[in-house]
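Per-entry structural report
So the chains spell out like this:
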Amino acid sequence: MHHSTLQVMVYADNIGNTRPSVDYPGVTLTDIILVNNPNYIFLNLEITDADPGTFPIRFRNAGNDVYVYDYELKRRLPNAEQIKGFDASDAIYLLMPDRFANGNPSNDQVEGMLEGVNRDNPDGRQGGDIQGIIDHLDYIRDMGFSALWINPLLENNQPEYSYHGYATTDFYQIDPRFGTNEDYKRLVEEAEQRGIKIIKDMIFNHIGDQHWWMKDLPDKNWINNWDEFTKTSYRITTILDPHAAESDYRKMVDGWFDGHMPDLNQKNPLLATYLIQNSVWWIEYAGIQGIRMDTQPYADRFFMSDWGKYLMAEYPYFRIVGESWIGVPSLMSYFQGGEIQFDGYDSHINSVFDFSLYDAIGPGFTEGEGWSEGLMRLYNSLAQDFLYVDPFQLVVFGDNHDTDRIYTRINQDKDKLKMVLTHIFTTRGIPMIYTGTELLESGYEHDGHGELRSTFPGGFPGDKTNAFTKRGRTRNQNDIVDHITELLQFRNESEVLHYGLLKQFVPENNVYTYFRYDEDETVMVVLNSNDKDIELDTRRFSEATINFNAATDILSGKTFNDFNTWKIPANTSMVLQLK
Ligand SMILES: [Ca+2]
Ligand SMILES: [Ca+2]
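Only a predicted model underlies this, so the values are computations on that prediction, with no experimental measurement involved. (Residues numbered from 1 in each chain as written. Chains lettered and ligands numbered in written order. Predicted model: local features only at pLDDT ≥ 70, side-chain atom pairs only at ≥ 80, totals over all residues. Heavy atoms only, no water.)

Time to look at the overall build of the chain. Each helix and strand counted, the chain has 17 helices and 24 strands in total. In summary, the chain has a C-alpha radius of gyration of 25 Å against a globular reference of 25 Å for 579 residues, a match within 12%. When its C-alpha atoms are laid out on the principal axes, the chain stretches across 90 × 55 × 50 Å. Burial analysis of the chain (579 residues in total) assigns 59% to the buried set. In the chain, 72% of the contacts between residues at least 6 apart in sequence involve partners at least 24 apart. When the 50 basic and 87 acidic side-chain charges of the chain are each reduced to a single mean position, those positions are 3 Å apart. (Helix = DSSP H or I, 4+ residues; strand = E, 2+ residues; numbered from the N terminus. Rg over C-alpha atoms; globule rule 2.2 N^0.38 Å. Buried < 20%, exposed > 50% of the residue type's maximum accessible area, 1.4 Å probe, protein only. Contact = heavy atoms within 4.5 Å. Lys, Arg positive; Asp, Glu negative; His and termini not counted. Charge placed at Lys NZ, Arg CZ, Asp CG, Glu CD.)

Quick look at the structure:
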């Protein structure tokens, strides 16, 4: 590997008072690191041309073995350094594993796990699992998605709200109520066979208070301590504010995300190494093709940069998307890596979610035209792309598991939803859809996360309908599924929609027209957000259409044989191939 040092954390009673030793060809114990808790010891192993295999690490005291641990040096994933992460040629489907499908009812209650399935409690576990995802990969593939972001699957042995997975209690174990590590590996393989890349959700900012560390912390500064419970302010602006008060910055970054989520101190180098190696382990063990990093700005940003840099050195084509939830391009852009920012910082994280466009997408489709309202919101958001290292790597979305449902954000208007989907799949960036969007699921965030993350109909024993099948869906749901499928069929084959440049025209009369183009191809997109049919004079777009004679809308099949005045039906979108 590019990095040859492996650090092993060992936890056992009084292990700090033993002398460790290793005897295995190609493995040298170079450092023994003690911490102020004698129950931990950290070993730096230098790995040079060692064969995979198992070897004992001996921990001696007065010449006798106190502990012997058989450590396994696993074989590397073949061609790991060539792993190709997700990019703009992909479309991402997001799902929450507890809420998607229960493929194995026998893991609904697991001995030793504090919470079991309780289908009467919207904030309780519903029973979804990895087998349920595997069972329905074809459904996701058939719509045309080629990447799957799954909310966290690691062990969350918390007494309540354990279903969402954001309170890790073991970084190396899949939660047994979702399946085993082997099941996760099988999921990645099954997905790969269908052309679907798996994006692993990771959280380095915090852990669950039931993490085994919390009973006996390796070091006092393993977590960020406060005299009394202090929540983060969620004020991401304090990170870059040149006028910020130090105490505000500290509260933002070192405050706890929630009462049951201790804030990790990634400035501790042993913890930092632990987290970095954990990512390497999951990439090599399971062969994942991407990581979604939760709450990116809430962790120490210099650690985040070290983490990104380390992974990029090992896996140059791997992809990471960071959750920097702040809809302000001048701040969001800072967290996308690849180039040095104004203060010398580089996150080395390829992508961030486009929360600016997300903010624009809701009201953008419901408001009437204004100086900066309605579709102008989309235009204005994209007009700030000069701030990003690479705007074509941003993930574009209308909702996720934390927000109001996109269908709710646009006042439950099916025609508007189709326009939103057209925009998400044709503007620059990597499109993402949250599960249930295709079923016209609605919900407000303020009604509770449990409600927002409703179960997929047909995924659970006793469900009255099965929306995984065409027959089990309503006509309106099928209309949306068909729209997504048509758009993705076209998009998946259309390189210009992946990497082609974007040219947008200032919206007029609530109609927004833009082009994706390269040397060979041009695709024109028209969004008419009016409640009535309109006449669109396309001569205004001549700088983009000058080399073409006709345009065919892939959605309706309609062809225009000139670039004069076109009739565009009310509340529709067109995706036109120019010829
Ligand atoms: Ca289950
Ligand atoms: Ca933090």
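One can describe the packing of helix α4 (residues 181-193) onto helix α7 (residues 269-286) by two numbers: an axis separation of 9 Å at closest approach and a directional angle of 65°. In this structure, α4 contributes Asn 181, Glu 182, Tyr 184, Lys 185 and Val 188 to the contact, and α7 contributes Trp 281, Trp 282, Tyr 285 and Ala 286. A breakdown of the residues in the contact of α4 with α7 according to their chemical character gives six nonpolar, one polar and two charged. (Axes fitted to C-alpha atoms, helices over the stretch in contact; angles between N-to-C directions. Nonpolar A, V, L, I, M, F, W, Y, C, P; charged D, E, K, R; others polar.)

Moving on, we get to helix α13 (residues 414-426). Between its terminal C-alpha atoms α13 stretches 18 Å, which fits the 18 Å expected from 13 residues at 1.5 Å a residue. A large share of α13 lies buried, amounting to 10 of its 13 residues. Turning to α13, its buried residues number three or more, namely Lys 416, Leu 417, Met 419, Val 420, Leu 421, Thr 422, His 423, Ile 424, Phe 425 and Thr 426. Measuring from the side-chain oxygen of the N-cap residue of α13 to the backbone nitrogen of Asp 415 gives 3.0 Å; that N-cap residue is Asp 413. (Expected span 1.5 Å × (residues − 1). Polar contact = N/O pair within 3.5 Å; in protein donor to acceptor, adjacent residues only side chain to side chain.)

For the rest of this paragraph, the subject is the coordination of the calcium ion (ligand 1). Each protein donor to the calcium ion (ligand 1) is listed here as Asn 102 (OD1), Asn 104 (O), Asn 107 (OD1), Asp 108 (OD), Gly 127 (O) and Asp 129 (OD); together their distances run 2.4 to 2.7 Å. If you look at the calcium ion (ligand 1), its six donor atoms make angles of 61 to 167° with each other, and the shape they trace is irregular. Sequence positions of the donors to the calcium ion (ligand 1) reduce to the motif N-x1-N-x2-N-D-x18-G-x1-D. Here Asn 107 is found in the loop between α1 (97-100) and α2 (130-135), whereas its partner Asp 129 is found in the loop between α1 and α2, with 22 residues between them in sequence. Residues Asn 107 and Asp 129 agree in their burial class; the two are buried. (Donors = N, O, S within 2.8 Å, 3.2 Å for Na, K, Ca; no water. Tetrahedral: all angles 85-135°; square planar, octahedral: opposite > 155°, others 65-115°.)

Quick look at the coordination of the calcium ion (ligand 2) now. Listed as protein donors to the calcium ion (ligand 2) are Asn 205 (OD1), Val 253 (O), Asp 263 (OD), Asp 263 (OD) and Tyr 298 (O); their distances from the metal cover 2.2 to 2.5 Å. Mapping the donors of the calcium ion (ligand 2) onto the primary sequence yields the spacing N-x47-V-x9-D-x34-Y. In this pair, Asn 205 sits in the loop between β11 (197-202) and α5 (237-240) while Val 253 sits in helix α6 (residues 246-254), placing the two residues 48 residues apart along the sequence. When its relative accessible area of 1% is taken as the criterion, Asn 205 is described as buried. By relative accessible area, which is 5% here, Val 253 ends up buried.

A few words on the sheet that holds strand β3 (residues 27-34). Across the sheet, which stays open at both edges, the three strands sit in the order β1-β4-β3 with antiparallel pairing between neighbours. Strands with a single pairing partner mark the edges of an open sheet, and in this sheet they are β1 (5-11) and β3. Taken over all neighbouring pairs, the strand axes of this sheet differ in orientation by 25° on average, direction set aside. Inspection of the sheet shows β1 paired to strand β4 (residues 40-47) by seven bridges, in the antiparallel sense. Bridge pairing in β4 links Gln 7 to Asn 44. (Pairing = 2+ DSSP bridges.)

A word on the pattern of salt bridges. Using the criterion set out here, one finds 30 salt bridges in the structure. Linking Asp 354 and Arg 428 is a salt bridge whose minimum nitrogen-to-oxygen distance equals 2.8 Å. Taken as a pair, Asp 354 in the loop between β14 (351-352) and α10 (355-366) and Arg 428 in the loop between α13 and β16 (430-434) lie far apart in primary sequence, 74 residues in all. Each of the two residues, Asp 354 as well as Arg 428, counts as buried. With its nearest N and O atoms 2.8 Å apart, the salt bridge here joins Asp 385 to Arg 428. Taken as a pair, Asp 385 in the loop between α11 (376-382) and β15 (395-397) and Arg 428 in the loop between α13 and β16 lie far apart in primary sequence, 43 residues in all. Of the two residues, Asp 385 and Arg 428, both sit in the buried class. (Salt bridge = Lys/Arg side-chain N within 4 Å of Asp/Glu carboxyl O.)

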